[in-house]
Amino acid sequence: MDPDIARVLVESAVKIALFFFILLTVVAYMTLVERRVSAWIQDRQGPNRVGPLGLLQPLADGIKFLFKEEVTPPHVYRPVYLLAPMLIFVPALVTFSVIPIGPALELFGQRVRLQIADVDNGVLVILAFASMGVYGIALAGWSSSNKYSLMGALRSSAQLISYELAMGLSIVGVLMAAGSLRLNDIVQHQIEHGWNLIWQLPGFLIFLTAAFAETNRLPFDLPEAETELVAGYHTEYSGMRFSMFYMAEYANMVTASALAVTLYCGGYHVPGLHLLRLPEPAAALVQVLAFGLKVGFFLFLYVWVRWTLPRFRYDQLMNLGWKVLLPVAVLHILWVSFLVLMNWT
Amino acid sequence: MIDYVPIGLQLVAAVVLAGALLGLSTWLGNPRNSRTDLSPYECGVDPIEPAGKRYTVRFYMVAMLFILFDIEAAFLYPWATIFRDLGPRGLFEMAVFIGVLLVGFLYCWRRGALDWD
Amino acid sequence: MEGPYIAPDPPRFVVDRLNGRFPGSVLDVAEFRGEITVVVAKDALLDVTLFLRDDPETAFDMLTVVTGTHYLDRDYDYEVLYHLYSLPKNHRLRLKVRLREGDTVSSVTPVWPGANWPEREARASSGPSMRPVPAEGEDYLHGETMVVNMGPSHPSTHGVLRLVLTLDGEVVKAVQPHVGYLHRGMEKIAEGMTYNQFVPYTDRLDYLAPLSNNVGFILAVEKLLGITVPARAQVIRVMGCEIARISAHLLWLGTGALDLGAATVFFHTFRERETLYNIIEALTGTRMTTSYTRVGGLARDLPPGWTEQVRAFLGTFPAALDELDALLTRNTIWMKRTQGIGRISARDAIALGLTGPNLRGTGVAYDVRRTEPYSGYETYEFDVPVGATGDAYDRYLVRLEEMRQSVKILDQALRRLPDGPISVDDPKITLPKKERVLTSMEELIEQFMIVTEGIKGPVGEVYHAIEAPKGELGFYIKSEGDKSPYRLQIRSPSFINLQAIETMAVGGLLSDLIAVVASLDPVMGEVDR
C-alpha cells in the first residue's frame, strides 16, 4: 500500500476514534446540561441523584435506552422506517469532520492538523451533509403512517429547506471575505483581518437564527412541537431508534455551534495569544480550549433560548424565513461586496 | 482527492456505530408488542381514516421554491470565492443574475405563494 | 349579616308582559326566594323566548343552562327548565315547559346558540326530546383534507377533551368536540345524598378550584333553606374563593404558556401554587379534595398561624406575578401567538352563554360578584378587568389582572376577619360540639338526627350562581321537601364556554387551535361532571 495512504488512514482512524469519543460524550452531557440548566432557569433541582451532581445520569439514560422495548408497529413501511434513524444519525456524526478545532502542530515528528479532513470544499461538505438530515426526518414521518408523524415531517421538511436557503446565503458573505471554501482559510482570514462577527453582524444573526431552525430547537421546534403534534415525526419511534433522533439533534447543535464559531467567531483564534510566546503545544492547547469555550457558549445559548421563549406558529416561521431572512441575506451579500471592494475586510 | 478519504472513513465508522447501537438494542430490548403498542398513535382512539392520503399542496410549493432559489445559492458559492479577483465587474454580473431571480421572488410573493392562510 | 336569607325583588313585570303578549300561554307562575318561575305552553316556547330576548324591557340575552327533570307521579313526565339571565337588566327568570312521554319541544338554539350543548345534555340525562336536532357539521371528508383525532389522550387538550379536526394542511376546517370521557353522573348521585354528603363531589368539579365549588354549592343549599351564615364564615369563604381563583388562574397561565412552548412559565407558576396548596392544606387538611364548607357554615375554623401564612404569600406573590408578566406580556412571540387569535365578539359570546374571563375578554364586565353579590362581596373593593377585542391575548390579560384583584380582596379580607362563630346556631342544621354530644342527651339527639336524617329543605326550587375562576358556576336545586334534592343541575362554566371552540378555532391554524383551547381554560372535571 502507498505509505502516504497508510499514514492518512492510521492518522484518521485515531482522530475519528478520538472524535467520536468526544462528540458522543459532549452529546450525552449536553442532555444533562440541558436538564440541569433548565432546572436552574425554572427554579428547581433537575437530575441530581445518579452520581455526584447527577453526573452519571447520561450513562444511566444510555443504558436505559439500550434495554428499552423496540416497537415496530405493523402499519409502518418497514424498510424506510428502519432506515430513517440511520439517515439522520449518520450525517449528524460526519458533518463535524471538516471543522478545525485547533491549529496544526508538530506531534510525534509529524505535522498533525487538529481536524479530521482538511478539504478545499469544506463549507460545501458541511452543507451537503447537513441537508441529508431532512431525508431522515421526512422519511421517518412518512413511513410511520401516522397523521401526527406526517404533519411533523411535512412541517419539518418545509422548515429545514426554507432556513437552509437563508443559511446558505448568509455564509456567502464569509466566503467572499475569505476567498475560499476551506474552513482553515476562513479561520486564517479572521486571524489576519479580525473576526467576521464584527463586519458581518447581519450575516451572523441570520446564520444563528437559521441554525436554531435547522436544529429544530425552540422557538423553531415546530416539527416535534409536543403540545401540537405530540412528538411530531418520531411519534411512532421508541427505544434506541427514538434516542437516535435525540442524539442527532444534540450532535447537530454541537456542529452548528462549532460552525458559528469557525465562520464568525475566529474559530480557535485567541486574540493576543502570540504575545505570550507560549511553546507550540501549549499554545495549541490554549486555542483548542478557547474553541471549546466558544462552542460551549453557543450551546448554552441554545439551552437558554429554549427555556425562555414560546414557540412560533407555522406560518410565522415560514414568513420569517422567506420574507425577512432571505431578502436581508441578499442585501447582506451586497454589503459584503462593498466591504471587499473597499478592502475593509 | 486523498483529503476526502478521512470523511469516507468517518462515514463508514458512523454507519458501523449506528448499526451497532441499533443491533445491540434490538438484541437487548425485549419486545412484547401488545396490541396497543402496535396500533398507530392517535390520541388513544382508533384512527378515523388512514394517514397515507393526499395532502395539501402548499408544502410542495415550498419545496419547488426552494429548488429554484437553492440553485441561486449554488451559483453564488464559486462566484464568492473568487470575488476579490473579479472586482466591480463581477459584482455587476452577479447583480444582474440575482436581480432576475429577485423579480421571480417578488412575483411569488405577490401571488401569495409564500402565504399560509 | 347572620340571619334569614334576604331575597331581592324578582322581575314580576315579566309575567304581565308575557300575559299581555301571549294570552293563555302562561300556565303557571311561582315565586320562591326571590326567584320567579314561569310555566309556558310548550308550543309557545320559541315565540316566548324570542320575545323575552328581543323585548328591551326583559332583554334576556343569555341562556344560563337547560335542565331536564323527570317526574313519575304527575300528569306530565318531563319538565324542561330554561334559566335565563339578562346582562343589561341584571335579572333572572326560570322558564319551564311540561312534556308528556313522547312529546317534543322546539330547540331554542335559534334564539340562543349556546343552548346547543345544554339541550343535548338535558336530552341525554333526562330524556325530553328537543327538535330540531342541532345540525351536524358539513361533510369535509373529501379532497386534500385530513381528519385527525386530537385527544382524549393529547398533551394539550387539558384532560380528556377529544376534538375531531378536519385539517387542510395546517388550516383547521372543522372542529367537532366530543366530551363525556369523565362523566360520573354527579347530578344523579346527588339525588340520593344529603346536602352535606354532596360537598365532596363538588371538589371534583373544577378540581383546580375546589374551595370555590364548595362555596358555590353550599350557598345554593343555604338559599334553599333561607339562611345566611355568620360574618366570620363569610369572610373565610371569600378568602377560600379568592385563593382558589389565584390557584386556578396560575395553573391556566402555566399550562397555557406550556402549550405555546414556554415551558419555564409553567414551573414558576407551580412554585407559587405550591405555597397556595400549603395554605389550603393547612386550612382543610387536604390539597385538592378540600370539602371545606358545610350547610350553615364551615367544616372547621382557621388553624393557628394561618392568617400569617396567607399574609406571607400576599407579600411575595405580586413580585412573582410581575416576573411572569415580564416573561410574556411584551414578548413578541407570545403576542404574535395570541393577539387576534380565537377572537369572539361580545354579541357572539353572550349568545353562546360564555361567562367569566372568556366573556370579560370581549369587554362585557359581567362578574357575579358584582351583579349578584354573595358572601358580602359588595363590601370589598376590587376592579372587574375587561378586555377589548375578545382574543386570546385579552383573555390572558384579564386573568392576569384578576389575580392581582384577588390579592387585593384577600388583603381586605385578612384585615376585616372578625371573631365569632363559623356556623349558624341552628340545631337542625349545624352539628353540635363533640364534647356536648358525649355529655348531653339533647345534643346527642341533634347529632343523630342530622347525621342519619340529613337536613330537610323546604319544597321549592332555587338557582344560585357564584363567580368561579372559570365563570358563572350555578347550582339549581329542586327540592320536594326531602333530605336530598329531587333534581340537581350544575351550571358549569367550562361546559358552556367550550361551545365557543368552533367559533374561535375554525379558519385558524392548528397552532391557533392550541392557543384557543388554552385560552378558553376548560377543566374536564367540570365539563363532564
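As a reminder, the structure under discussion sits directly above these lines.
These remarks concern the structure in this document. (Residues numbered from 1 in each chain as written. Chains lettered and ligands numbered in written order. Predicted model: local features only at pLDDT ≥ 70, side-chain atom pairs only at ≥ 80, totals over all residues. Heavy atoms only, no water.)

The helix and strand tally for chain C stands at 20 helices and 17 strands. Expressed as lengths along the three principal axes of its C-alpha atoms, the size of chain C is roughly 80 × 60 × 40 Å. By residue count, 63% of the 529 residues in chain C fall in the buried class. For chain C, the computed accessible surface area is about 18,800 Å², with 53% contributed by carbon and sulfur atoms. (Helix = DSSP H or I, 4+ residues; strand = E, 2+ residues; numbered from the N terminus. Buried < 20%, exposed > 50% of the residue type's maximum accessible area, 1.4 Å probe, protein only. Areas by Shrake-Rupley, 256 points an atom, 1.4 Å probe, with all protein chains shown as cover.)

Secondary structure assignment for chain B yields 4 helices and 0 strands. When the elements of chain B are put in sequence order from the N terminus, they spell out α-α-α-α. Taking all 117 residues of chain B together, the buried fraction comes to 32%. For chain B, the accessible area works out to roughly 7,100 Å², and carbon and sulfur atoms hold 68% of it.

Moving on to the sheet that holds strand β17 (residues 487-491) of chain C. Either a parallel or an antiparallel arrangement is found when strands of a sheet pair, and the pairing is made through backbone hydrogen bonds. All names here are of chain C. An order of β15-β16-β17 is seen for the 3 strands of this open sheet, with the pairing classed as antiparallel. Every interior strand has two partners, whereas the edge strands, β15 (459-468) and β17, have only one. In this sheet, neighbouring strand axes are inclined to one another by 10° on average, regardless of whether the strands run parallel or antiparallel. Sheet analysis places β15 next to strand β16 (residues 471-480), joined by 10 bridges and oriented antiparallel. (Pairing = 2+ DSSP bridges. Axes fitted to C-alpha atoms, helices over the stretch in contact; angles between N-to-C directions.)

All names here are of chain A. In this model, helix α5 (residues 147-178) (32 residues) spans 46 Å end to end at C-alpha, consistent with the 46 Å of a helix rising 1.5 Å per residue. Across the 32 residues of α5, 32 count as buried, placing the element largely inside the fold. Among the residues of α5, the N-terminal cap falls to N146, whose side-chain oxygen and the backbone nitrogen of Y148 are separated by 2.7 Å. Of the residues trailing α5, G179 is marked for its positive phi of about 65°. (Expected span 1.5 Å × (residues − 1). Polar contact = N/O pair within 3.5 Å; in protein donor to acceptor, adjacent residues only side chain to side chain.)

On to the nonpolar core, then. Among the nonpolar cores identified, the biggest contains 265 residues, and W322 of chain A together with F217 and L513 of chain C are the most heavily contacted of them. With 19 residues, the top contributor of residues to this core is α5 of chain A. Residue-level mapping places this core at the junction of two domains, with at least three residues from each of domain 1 (3-131) and domain 2 (186-528) of chain C. If we ignore the near neighbours within four places in the chain, the residues touching F217 of chain C are Y195, F198, V199, T202, F475, I477 and L488 of chain C. Residues F22, L45, V105 and A122 of chain C belong to the second largest nonpolar core, which totals 30 residues. (Core = buried A, V, L, I, M, F, W, Y, C linked by side-chain atoms within 4.5 Å. Domains from an automatic or database assignment. Contact = heavy atoms within 4.5 Å.)

This part takes up the sheet that holds strand β4 (residues 62-70) of chain C. Residues and elements named next belong to chain C. Taken together, 5 strands build an open sheet; the order of strands is β2-β3-β6-β5-β4 and the sheet is mixed. For this open sheet the edge positions go to β2 (26-32) and β4, each flanked by a neighbour on one side alone. Adjacent strand axes in the sheet meet at a mean angle of 20°, parallel and antiparallel pairs treated alike. Here β4 pairs with strand β5 (residues 78-86) via 8 bridges, running antiparallel. When the sheet's bridge partners are listed, H70 is paired in β5 with Y78.

Our focus in this paragraph is the pairing of β2 of chain C. As paired strands, β2 of chain C and strand β3 (residues 35-40) of chain C are joined by 6 bridges and run antiparallel to one another. When the sheet's bridge partners are listed, E31 of chain C is paired in β3 of chain C with I36 of chain C.

Turning next to the pattern of salt bridges. Two side chains bearing opposite charge may form a pair once their charged atoms approach each other closely. Overall, the coordinates contain 48 salt bridges over all chains when judged by the stated rule. Where E34 of chain A meets R306 of chain A, a salt bridge forms, and the shortest distance between an N and an O atom there is 3.2 Å. Of this pair, E34 of chain A sits in helix α1 (residues 3-41) while R306 of chain A sits in helix α11 (residues 280-306), and the two are 272 residues apart along the sequence. Across the pair E31 of chain C and R12 of chain C runs a salt bridge whose closest N-O atoms are separated by 2.9 Å. On the criterion of sequence distance, the pair formed by E31 of chain C in strand β2 and R12 of chain C in the loop between β1 (3-4) and α1 (13-21) is long-range, its members being 19 residues apart. Judged by its relative accessible area of 41%, R12 of chain C is partly exposed. One network of salt bridges, in which partners are shared, links E242, R245, R360, D367, R369, E402 and E467 of chain C. (Salt bridge = Lys/Arg side-chain N within 4 Å of Asp/Glu carboxyl O.)

Residue and element names in this part refer to chain A. A grouping of V10, V14, L18, F21 and I22 is seen on the molecular surface, where their side chains present a nonpolar patch of about 500 Å² in accessible area. Tracing the backbone shows I22 in helix α1. Note on I22: relative accessible area 44%, which makes it partly exposed. (Patch = residues over 30% accessible without salt bridge, like charges linked within 9 Å, V, L, I, M, F, W, Y side chains within 5 Å.)

All names here are of chain A. Direction vectors running N to C along helix α8 (residues 201-214) and helix α10 (residues 239-264) enclose 170°, while the axes themselves pass 10 Å from each other. When the axis of α8 is compared with that of α10, the two are roughly antiparallel. On α10, the residues touching G203, F204, F207 and A211 of α8 are A256, L259, A260, L263 and Y264. Partitioning the contact of α8 with α10 into residue classes produces 8 nonpolar, 1 polar and no charged. (Parallel < 35°, antiparallel > 145°, perpendicular 65-115°, else oblique. Nonpolar A, V, L, I, M, F, W, Y, C, P; charged D, E, K, R; others polar.)

On to the interface of chain B and chain A. In this assembly, 66 residues from chain B lie in contact with 86 residues from chain A. Interface of chain B and chain A: buried area, both sides summed, is about 6,300 Å²; carbon and sulfur atoms make up 75% of it. Interface area lost by chain B to chain A is led by Q10, Y77 and R84 of chain B, which between them contribute 12%. At the surface where chain B touches chain A, the tally comes to 0 salt bridges. For the side of chain B that touches chain A, the elements supplying multiple residues, two or more each, are α1 (5-28), α2 (35-38), α3 (58-81) and α4 (83-111) of chain B. When residues of the side of chain B that touches chain A are assigned to their parent elements, the largest contribution, 18 residues, is made by α1 of chain B. (Buried area = accessible area lost by both parts, 1.4 Å probe.)

Contact residues are listed per partner, giving 33 residues for chain C and 25 residues for chain A. Summed over both sides, the interface between chain C and chain A buries roughly 2,600 Å², with carbon and sulfur atoms accounting for 60% of that surface. In this structure, the connection of chain C to chain A is made through 2 salt bridges. Note that D43 of chain A and R271 of chain C form a salt bridge whose closest N and O atoms lie 2.5 Å from each other. At the boundary of chain C and chain A, one finds 11 residue pairs in polar contact (both at pLDDT 80 or more). Elements represented by at least two residues in the side of chain C that touches chain A include exactly β9 (146-150), α7 (231-259), α8 (263-284), α9 (306-328), α10 (332-338) and α19 (510-520) of chain C.

Let us look at unusual backbone geometry. Residues and elements named next belong to chain C. For R33, which is not glycine, the phi dihedral falls at a positive 50°. Among the secondary structure elements, R33 is positioned in the loop between β2 and β3. For R33, a relative accessible area of 24% gives the class partly exposed. Its identity is not glycine, yet R529 carries a phi of approximately 50°, on the positive side. Among the secondary structure elements, R529 is positioned in the segment after α20 (524-528).

This part takes up the packing of aromatic side chains. In this structure the tally under the stated criterion is 40 aromatic pairs over all chains. On the basis of an interplanar angle of 15° and a centroid distance of 5.5 Å, the ring pair of F220 of chain A and F312 of chain A is categorised as stacked. Within this pair, whereas F220 of chain A is found in the loop between α8 and α9 (226-229), its partner F312 of chain A is found in the loop between α11 and α12 (314-341), the two being separated by 92 residues in sequence. Between Y233 of chain A and F245 of chain A the ring centres are 5.6 Å apart and the planes differ by 65°, which places this aromatic pair in the edge-to-face class. Here Y233 of chain A is found in the loop between α9 and α10, whereas its partner F245 of chain A is found in helix α10, with 12 residues between them in sequence. Neither Y233 of chain A nor F245 of chain A differs from the other in exposure class; each is buried. Ring pairing ties together the aromatic residues F204, F207, Y264, F297 and F298 of chain A, which thus form one cluster. Its guanidinium or amino end placed over the ring of W252 of chain C, R399 of chain C lies 4.8 Å from that ring's centre, counting from NZ or CZ. Just above the ring of Y380 of chain C sits the side chain of R416 of chain C; from NZ or CZ to the centre is 3.9 Å. (Phe/Tyr/Trp six-rings, centres within 6.5 Å; stacked < 30°, edge-to-face > 60°. Lys NZ or Arg CZ within 6 Å of the ring centre and 35° of its normal.)

Direction vectors running N to C along α10 of chain A and α1 of chain B enclose 150°, while the axes themselves pass 9 Å from each other. On α1 of chain B, the residues touching M240, R241, M244 and M247 of chain A of α10 of chain A are A18, L21, L22 and S25 of chain B. Classifying every residue of the contact of α10 of chain A with α1 of chain B by side-chain character gives 6 nonpolar, 1 polar and 1 charged.

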